[in-house]
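Structural description and commentary
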Amino acid sequence: MIEEFPGYKGTALQALKKAGAEIGDIIRIVKNGITYEGLLIPRSEYGDDKHIVIKLKSGYNVGIRITSTTSIEKVGAGVKPAFVPPPLPKQKPDLPKVAIISTGGTIASRVDYRTGGVRPALSASDLYSVVPELSEIAIIDAEILFSIFSEDMTPKHWPEIAKAVAKHIENGASGVVVAHGTDTMAYTSAALSFALQSLPVPVILVGSQRSADRPSSDAATNLTGAVAAAARAPFAEVVLAMHGTISDKSIVFHRGTKVRKCHTSRRDAFKSVNAKPLAEMENEKITMLTEDYRRRNHARKLILKPNFEDKVALVKFHPGLNPKIIEWYVHEGYKGIIIEGSGLGHVGKYCLPPIREAIESNVVVAMTSQCIWGRVNMKVYDSGRDLLEIGVIPLEDMLPETALAKLMWIFGQTKNVEEAKKLLLTNIAYEISPRTTAESGAE
Amino acid sequence: MIIMSIDYSRIGLKAGLEIHQQLNTAAKLFCSCKPELFKEQPEITFLRRLRPTQSELGQIDPAAFFEFRKGVKILYEASGETACLVEMDEEPPHDLNREAVEIALTVALMIDAKPLDEIHVMRKTVIDGSNTTGFQRTCVVALNGEIDVEGKRIPIQHIGVEEDAARKMGEEGTIIKYRIDRLGIPLIEIATAPVIYSPQEAEKAALAIGRILRATRRVKRGLGTIRQDINISIRDGALTEIKGVQELELVSKVVEYEVQRQLSLLKIRDALNKIGAQKEDVKDEIVDVTSIFSQTGCRVIKEAMKQNKRVWAVKLSKFSGLLKTELMPGVRLGKELADIAHFWGRVGGIFHTDELPAYGISAEEIDQLKRFMKAEHQDAVVFVADTEENATDALKAVTQRAREAIEGVPEETRAANPDGTTRYMRPRPGAARMYPETDVPPIQITEEYLSGLRARLPEMPEEKMKRLMKQYGLNAKLAKQVIDSEYADLFEAAAKETKVSPTVIAAALTETMKALRREGFETEMITDEQIREMFRLIDSGETAKEAIPNILSWLAQHERATVKEAVKNLGLAMISLEELETIINNVIEENKSLIQKKGSGAFGTFMGLIMEKVRGKAEAHMVSEVLKRKLKKLLSKCNAK
């Protein structure tokens, strides 16, 4: 694949090169006596090497198979449309300042109808022009930190995000929005909840479940909700802002340590688990759903603890799990293992010996449940009691993903295993709730 | 309205058709939902907003952005059976339905169009709420076919497959209701070149395309399953796109009315130019005139003022008298302005001085208003009672439209009414906003696949017509009607399984059905099975063919009833020979004098009298046989005396 001809290879690429045509040029293809004329369009990387895609005058794309008798001719050079941004909305100087940090995923974009390309809108002026309502809410300071898919996000990226957030807070932002792809957004929200302590203002992670190029996208609604909360919500915690239902009605703010992506595609994919959401916004009004939260206080001094240790694993127990996997982690020098056990926090007997060995080798092993909703309790059955006896730490109602991020963060702060164990059970960012009410149960 | 006899070629009429027909597939175009509508209350509702996407050029569709700015929200209604997360735009589309593509390719091959090697699904931006995504998924499958319309070749530029849109259920304030059962039902789209030069030709072309579609035997039938869009222009006029003509029979009327409309608008332009109307003189000076109406007898204005709304007016310089010019039957220029005001300002209606005094507004109020607006006798005043925002949007749209009237005919998209007239729908969208549907991979069409399709193409309409005439003894007119009806298959099934005369079956399915529809019966309620049962009962002598219209109209009113129930409830069961003889005896007895007067010549009169009593309950030939026998007996008795 060559950059000037995205997606084209083999026969099709040769034919295009021979014709001297570039993407966006008008080309004429004659095949079996039929003439097709249109703009040369990039081809999907997963397409074969035998078709050329053109955009007909009617606007439709069609693929023409190239055979030995097909002739291709360039009949006109492409005219690259010059982007004329619409006039920017007038900035209101007395509004709060909000920083938006982009990490990837497109929270706003515009479409190139000529080639079908979708370009992300990342700069402040881009964001204003695509979502003009933002200028009514805050003065935006936009920063592009990464441009990666959320599945490519690793614990190595978390310190960068935490430091960027801290910098904006120190510069006087009334709140910080982190735009993030949704797949691993809940891991990042948990990680930031530990890395950014004693927050004076809110930090809001936001994403979208339907791409920003479509008129029905949830992106703009989520973004305006996130910016509004960053500008004026009464809380000062790390939260994740997304749709509350499948309607474009309410934006829900989930606590960073208590949220999980529970649906592959719906707008309301994110749910607070073992907790109620922290707050909700409808018709621009933010309502707190609990009294127990950290209040916004611009005088409070942020404590930044941005380091993470990536040698911590999350292991899901399943029938027939090969216990050697645990041995492998120990052998590789992992410092902690979070187990996603069955039910109340169990694994098969055949996993006990390597777990015991791991603990004896100073690896911290802790238990969460793959049930997602509920609390582990390892005192009810023998298999749980056995695990407790060999030193597995039960993590109450902590989410497995949160437990992973927390243990990674802990080993970023200390090398001391005993201190790590103590920290693991210390409630730092509302990750453990001492009581589970019926309201915070599964839906 | 003066009936104009128009020479369409002289005025440069050019029309093109775009026919959309629902395909009878097992599932929707991009998911496995049932492609059916529901009548019950919705099980699921959700509220959305659609935000116009900015293009790379920094442009957004002005009408779309306007609706967004007005805070228009869409309330979608769904049922679990007919919609899943795909229609709700809560899940990416599944693969393109191959059955639908196959039907479209079959049509393409029937009209000698050239299938494309690789089909790419596109997103066509549609932001009125009729698509939950904000775009319609559409693809072209073949290009450059042609059809024959009475010897003229009409090029078919485009054959495509696309998803049908959601059904609009109503509007309340800024909330528009749509039902998403129809969303995603596969449609075939067939577009002709704009080479149609008369209303009749448009209708014939639409009929010819309809015949080909039905020949595939894989399209849906019934009202609402086929929709025609028509592009019409005349010389000096403008391109108008008319959407949603639901019946083929309306096509020529729609074209006629649109030509009338454009000609009338040109006359208005000429009249305005003659009296020196200038675009600059029609100003956006919107004035609060509430005080004039403080004591008004107009109920609409009183009601509005109660809700703290005010009366706002604007002057249309030199428009006096023109607002009552009729553009098409029942549609005056004033009505056009009202439709436009409704679209842009969401106002219920407007008042204009050409239609006043009326509606409880007095001549005195009009005088005051004209004085207040400094309107000369040549000027018209338009006013509306609403909020300042709505009234301003509405009246600005009115002045804009008035300025366009000075220039002639504006380009616009109009919606068809059931009587063939049209109404303003929206401005014509800018250049097609299409971009690739990246969630659906393109599909490749191989030569082997196409030759397979070619080998089993359905019978072409002309061949089928010839065969129907030969095989079933239908005359040409009936055979053609069968082809043009939705019942060709049903006709053949009934003709094969019963001994009822094919001509009777054909007439029932075409002329009788058409007559019933005209009388307002919902014939689409009658199932194929009911119709076949009816012919079986006629075949077995349990009811008579004369009862067909009654049975069908009863079935149309009684969903899920059986034909036997119809026969029973209508008292149409056949009477026994004994009962028939008694009836005949009685009739003869009551009219004895007839025999004495006319002798055997009384047969016809008797036949009429008896059939009146037994129509649908006895076969006419039976009646005739018994009557003949009895008359013969009686006459021979008389003669013997």
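Structure first, text after, so check above.
These figures come from a predicted structure and were not determined experimentally.

In this section: the overall build of chain B. Per the secondary structure count, chain B includes 20 helices and 23 strands. For chain B, the spread of C-alpha atoms along the principal axes amounts to about 100 × 70 × 55 Å. In chain B, which comprises 641 residues, the share counted as buried stands at 54%. For chain B, the proportion of contacts with a sequence separation of at least 24, taken over those separated by at least 6, is 74%. Summed over all atoms, the accessible surface of chain B reaches about 28600 Å², with 50% contributed by carbon and sulfur.

At the junction of the two partners, chain B supplies 51 residues and chain A supplies 49 residues. Taking both sides of the interface into account, the surface hidden between chain B and chain A amounts to around 4200 Å²; carbon and sulfur atoms contribute 52%. The partner of Glu118 of chain B in a salt bridge is Arg43 of chain A, and the shortest N-O contact between them spans 2.7 Å. Our count for the contact surface shared by chain B and chain A stands at 24 residue pairs in polar contact (both at pLDDT 80 or more). If you list the elements that add at least two residues to the side of chain B that touches chain A, you get strand E2 (44–48), strand E6 (122–125), strand E7 (135–149), strand E8 (152–163) and strand E22 (434–436) of chain B. Sort the elements by how many residues they give to the side of chain B that touches chain A and E7 of chain B lands first, with seven residues.

Take the nonpolar core next. The biggest cluster of nonpolar side chains holds 97 residues, and the ones touching the most others in it are Leu96, Val141, Ile147, Ile159, Leu316 and Phe319 of chain B. Once you skip the residues sitting within four places of it in the chain, Phe319 of chain B turns out to touch Leu272, Val282, Leu333, Asp354, Gln378, Asp379, Ala380, Ala402, Ala405 and Ile406 of chain B. Residues Ala191, Val259, Ala366 and Ala429 of chain A belong to the second largest nonpolar core, which totals 55 residues.

Residue and element names in this part refer to chain A. Along helix H8 (residues 352–360), the residues that are buried comprise Leu352, Pro354, Ile355, Ala358 and Ile359. The arc that holds the buried residues of H8, viewed along the axis, is 165 degrees, so those residues lie on one side. Of the surrounding elements, those touching the buried residues of H8 are helix H7 (324–331), strand E21 (336–341), strand E22 (364–369) and helix H9 (382–389). Asn362, located one to two residues past H8, shows a positive phi value of around 70 degrees.

Residues and elements named next belong to chain A. For Asp397, the location among the structural elements is in the loop between strand E23 (393–394) and helix H10 (400–413). Note on Asp397: relative accessible area 1%, which makes it buried. Only 2.4 Å separates the side chain of Asp397 from the side chain of Ser433, close enough to count as a polar contact. Contacts of Asp397, omitting those with residues within four sequence positions, involve Lys258, Asn274, Gly374, Arg375, Glu431, Ile432, Ser433 and Thr436.

Another aspect to go through is the sheet that holds strand E2 (residues 34–40) of chain A. Strand order in the open sheet formed by seven strands is E5(A)-E1(A)-E2(A)-E3(A)-E4(A)-E5(B)-E23(B), and the pairing between neighbours is antiparallel. In this open sheet, the two edge strands, each paired with only one partner strand, are strand E5 (71–76) of chain A together with strand E23 (443–444) of chain B. By the bridge criterion, two bridges tie strand E5 (residues 118–119) of chain B to E23 of chain B in an arrangement that is antiparallel. Bridge assignment links Glu118 of chain B to a residue of E23 of chain B, and that residue is Gln444 of chain B.

For the rest of this paragraph, the subject is the packing of helix H12 (residues 488–497) of chain B against helix H14 (residues 528–539) of chain B. Residue and element names in this part refer to chain B. Two elements in contact, H12 and H14, have axes whose closest approach is 10 Å; the angle formed by their N-to-C orientations is 25 degrees. With respect to each other, H12 and H14 are oriented roughly parallel. For H12 against H14, the interelement crossing comes out right-handed. Contacts from Leu490, Ala493, Ala494 and Glu497 in H12 reach Asp528, Ile531, Arg532, Phe535, Arg536 and Asp539 in H14.

The next point concerns the pattern of salt bridges. Once their charged atoms are close, side chains differing in charge can pair, the charge on each being opposite to the other. All names here are of chain A. One pass over the full model with this rule turns up 80 salt bridges over all chains. Ionic pairing is found between Asp397 and Lys258, a salt bridge with its closest N-O pair at 3.2 Å. Residue Asp397 is located in the loop between E23 and H10, and its partner Lys258 is located in the loop between strand E14 (250–255) and strand E15 (259–261); the two are separated by 139 residues in the primary sequence. An identical accessibility class is assigned to Asp397 and Lys258; each is buried.

Let us now look at the packing of helix H4 (residues 251–274) of chain B against helix H8 (residues 388–407) of chain B. Any two packed helices are characterised by how steeply their axes cross, that is the angle between the axes, and by the distance between the axes. Residues and elements named next belong to chain B. Following both chains from N to C, one finds H4 and H8 inclined at 85 degrees, their axes separated by 7 Å at the closest point. One finds that H4 runs roughly perpendicular with respect to H8. Every residue of H8 that contacts H4 at Leu265, Arg269, Leu272 and Asn273 is listed here: Arg401, Ala405, Ile406 and Glu407. The residue makeup of the contact of H4 with H8, split by class, is four nonpolar, one polar and three charged.

Once that is clear, we can look at the environment of Gly336 of chain A. Residues and elements named next belong to chain A. In this structure, Gly336 sits in strand E21. Of the residues examined, Gly336 reaches a relative accessible area of 0% and is grouped as buried. Those residues in contact with Gly336 that sit more than four places away from it in its chain are Lys311, Val312, Ala313, Val363, Val364, Leu407 and Phe411.

This part takes up the state of the cysteines. All names here are of chain A. Under the criterion given, the structure shown has zero disulfides over all chains. Not engaged in a disulfide, the cysteine Cys351 finds its nearest cysteine sulfur in Cys371; these two sulfurs lie 17 Å apart. As a non-bridged cysteine, Cys371 has Cys262 as the owner of its nearest cysteine sulfur, 13 Å distant.

Our next topic: unusual backbone geometry. In this model, Leu356 of chain B is joined to Pro357 of chain B through a cis peptide bond whose omega is 5 degrees. Note that Pro357 of chain B resides in the loop between strand E18 (351–352) and helix H7 (363–372). Although it is not a glycine, Asn274 of chain A sits at a positive phi angle of roughly 60 degrees. Note that Asn274 of chain A resides in the loop between strand E16 (270–272) and strand E17 (279–282). Judged by relative accessible area, which is 3%, Asn274 of chain A ranks as buried. The backbone of Tyr430 of chain A sits at a positive phi, close to 60 degrees, despite the residue not being glycine. Inspection of the secondary structure puts Tyr430 of chain A in the segment after helix H11 (417–424).

All names here are of chain B. Reading across from one edge, E2-E3-E10-E9 is the order of the four strands in this open sheet, with mixed pairing throughout. The open sheet has two edge strands with one neighbour each: E2 and strand E9 (167–172). Direction aside, the axes of adjacent strands within the sheet are offset by 20 degrees on average. Across five bridges, the pairing between E9 and strand E10 (residues 175–179) is antiparallel. From the neighbouring strand, Lys168 faces E10, where its bridge partner is Tyr178.

Definitions and limits used
Residues numbered from 1 in each chain as written. Chains lettered and ligands numbered in written order. Predicted model: local features only at pLDDT ≥ 70, side-chain atom pairs only at ≥ 80, totals over all residues. Heavy atoms only, no water. Helix = DSSP H or I, 4+ residues; strand = E, 2+ residues; numbered from the N terminus. Buried < 20%, exposed > 50% of the residue type's maximum accessible area, 1.4 Å probe, protein only. Contact = heavy atoms within 4.5 Å. Areas by Shrake-Rupley, 256 points an atom, 1.4 Å probe, with all protein chains shown as cover. Buried area = accessible area lost by both parts, 1.4 Å probe. Salt bridge = Lys/Arg side-chain N within 4 Å of Asp/Glu carboxyl O. Polar contact = N/O pair within 3.5 Å; in protein donor to acceptor, adjacent residues only side chain to side chain. Core = buried A, V, L, I, M, F, W, Y, C linked by side-chain atoms within 4.5 Å. Arc of directions from axis to C-beta. Pairing = 2+ DSSP bridges. Axes fitted to C-alpha atoms, helices over the stretch in contact; angles between N-to-C directions. Parallel < 35°, antiparallel > 145°, perpendicular 65-115°, else oblique. Left-handed = near helix turned anticlockwise from the far one by under 90°. Nonpolar A, V, L, I, M, F, W, Y, C, P; charged D, E, K, R; others polar. Disulfide = S-S within 2.5 Å.

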